[in-house]
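# Remarks on the overall topology
Listed below, chain by chain, are the residues.
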Amino acid sequence: MTDILELDVMPSAEPVEEALVAETTSEEVVSRIHALKEELRDRVVILGHHYQRDDIVQFADRTGDSFELARYASELHDREFIIFCGVHFMAETADILSAKHQKVILPDLKAGCSMSDMARAEQVFDAWEEMAEHVDTSKVCPVTYMNSSAAIKAFCGEHGGTVSTSSNNRSIFEWAFAQGFEKIFFFPDQHLGRNTAYYQLGIPLEEIRLYDQTKPFGGLTPEELQKAKILLWRGHCSVHQHFQPSHPGIMRALYPGIQVMVHPECMFEVVKQADKVGSTSFIIKTVDQAPSGSKWAIGTEHHMVNRLKKQHPEQFITTLAPYACECATMFRISPESLLDVLEHLKLGIIKNRIEVSDSDKKWAKVALDRMLEITRKAA
Ligand code: 13P
């Protein structure tokens, strides 16, 4: 189990209730963004992920989890510019799925994703080739989590695989086996892959193997590679990694009657103890529909948890960890950077455009279109 439980550091302090960094956007910046949005309203749509801070969410025309934002990008073809308030892989996906005449802008180009960086395309190509020495790769379905580069999405598309998100991973895994694939090679989030395979598909842990890309053959013997139904790339989310197996018990002891709800990027032992598990939109919907007086300890990004807390004073909502777990790269999108790209657009300058190469776009679109179709059919 050491593969699964990677660290356990647990101070038993009181939970953090407020954002660590105060949102201090000046009124001038806010009113300039509103004015520019109005001026450019026929040309610009602003999409925002749920992890964005409140002072960005207020400007988003649509908010969503990563699946919903990808779907919006594939449908909202009437505006020339999509300003994506999220992280790099989400903006790449929007570029792949949007229409030819549209351009995608990421307000801060440093808004990346550390999990996505844990799988480089060359590493994936090498692992695939190496694996072919022991396994018939025509029977392996490569599936990549949305949190990955366009090049890896393209690799999956070209090899009969697809893309998944936290809201549809189960349907995607089921689809892969229904196609006759014998194995799934899943990049880069080991936790989402393991949680889906074990808790939702009932695949025994002996058939779910961690593929450690830093070791030859992933650190697995030929027999282990052959026997595995699910191979998991060794990657994780640095934010969800903070939620520890000791946290649910501590929260339940501190707040009797509290329910634990976590994102499936949390580690196996945390998910095992959760009352509810789901994507960011699932978490929001569950709280929105819960009766007054409900109590929640939520294991996901801090800004979203704090927003839910403010929106639902009739419920008790706290973060599952006793400290703020925030996504530093999502936080890079600031009102100032949003204003900056809008001001450039007004001057006719497209700043911070995200453009996927035509070669990656071709197969990445195949993979993403497959995902949209599988999810639509499964709904
Ligand atoms: P969702 O698809 O649930 O919004 O998750 C996105 C993400 O990157 C979580 O870390």
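Each remark here, short or long, concerns the structure printed above.
Figured I'd write up the structure that's included with this text. Just so you know, the residues in each chain are numbered from 1, in the order the chain's sequence is written. Only residues with pLDDT of at least 70 get local features here, since the model is predicted, and only at 80 or more are side-chain atom pairs given and counted; chain-wide, interface and lining totals rely on the full set of residues. Only hydrogens and water are set aside; all other atoms, that is, all heavy atoms of the structure, feed into the side-chain values.

### Looking at the overall build of the protein chain
Along the backbone of the protein chain there are 16 helices and 14 strands. Throughout, exposure labels follow a simple rule: accessible area from a 1.4 Å probe, protein chains only, divided by the maximum for the residue type, with under 20% read as buried, over 50% as exposed, and the rest as partly exposed. Considering the protein chain as a whole, with its 379 residues, one finds that 56% of them fall into the buried category. Intrachain contacts of the protein chain at a sequence separation of at least 6 include 70% that bridge at least 24 residues. Total accessible area on the protein chain is roughly 15,500 Å²; 51% of this is exposed by carbon and sulfur atoms. Positive residues here are Lys and Arg, negative ones are Asp and Glu, while His and the chain termini are left out of the count. Charged side chains are reduced to one point each, which is NZ for Lys, CZ for Arg, CG for Asp and CD for Glu. Of note, the protein chain has its 40 positive side-chain charges centred 4 Å away from the centre of its 54 negative side-chain charges. Working definition: helices are DSSP H or I runs of at least four residues, strands are E runs of at least two. Numbering for both runs from the N terminus. When checking whether two residues touch, look at their non-hydrogen atoms; a contact exists if any pair is within 4.5 Å. Methods summary: accessible areas were calculated by the Shrake-Rupley approach with a probe of 1.4 Å, and residue burial reflects only the protein chains presented.

### A few points about the pattern of salt bridges
Salt bridge criterion: a side-chain nitrogen from Lys or Arg within 4 Å of a carboxyl oxygen from Asp or Glu. Throughout the structure, instances matching the rule amount to 24 salt bridges. Residues E373 and R376 are paired through a salt bridge, measuring 2.9 Å at the closest nitrogen-oxygen approach. Of this pair, E373 and R376 both sit in helix α16 (residues 358-378), 3 residues apart, which is roughly one turn of the helix. By relative accessible area, which is 55% here, R376 ends up exposed. A network of salt bridges, in which partner residues are shared, links E28, R32 and E343.

### Things to note about the packing of helix α1 (residues 27-39) against helix α15 (residues 335-346)
Axis separation between α1 and α15 bottoms out at 10 Å; the angle between their running directions is 40°. Of the two elements, α1 crosses α15, and the hand of that crossing is left-handed. Counting all contacts with α1, which are made through V29, R32, I33, L36 and E39, the residues of α15 involved are P335, E336, L338, L339, L342, E343 and K346. All amino acids are sorted into three groups, where Ala, Val, Leu, Ile, Met, Phe, Trp, Tyr, Cys and Pro are nonpolar, Asp, Glu, Lys and Arg are charged, and the leftover types, Gly among them, are polar. In the contact of α1 with α15, the residues fall into 7 nonpolar, no polar and 5 charged. Lines fitted to C-alpha atoms define the axes, with helix axes restricted to the stretch in contact, and inter-axis angles between N-to-C directions lie between 0 and 180 degrees. When the near helix sits turned anticlockwise from the far one by under a right angle, the crossing is termed left-handed; a clockwise turn instead gives a right-handed crossing.

### With respect to the pairing of strand β12 (residues 295-299)
Within a regular strand, side chains alternate between the sheet's two faces. Burial of β12 is extensive: 4 of the 5 residues sit out of reach of the surface. We call two strands paired when DSSP finds no fewer than two bridges between them. Note that strand β10 (residues 259-262) and β12 share 4 bridges and pair parallel. Of the residues in β12, the one forming a bridge with V262 is G299. Where β12 and strand β13 (residues 316-319) come together, 4 bridges link them in parallel fashion. Across the sheet, residue I298 finds its bridge partner in β13, namely T319. In the classification by handedness, the crossover that spans β12, the intervening helix α14 (residues 302-311) and the parallel β13 is right-handed. Here the term right-handed applies to a crossover when the path leading from its first strand over the helix to its second strand runs clockwise, the strands being oriented away from the viewer.

These values are about where atoms sit, not about what they do.
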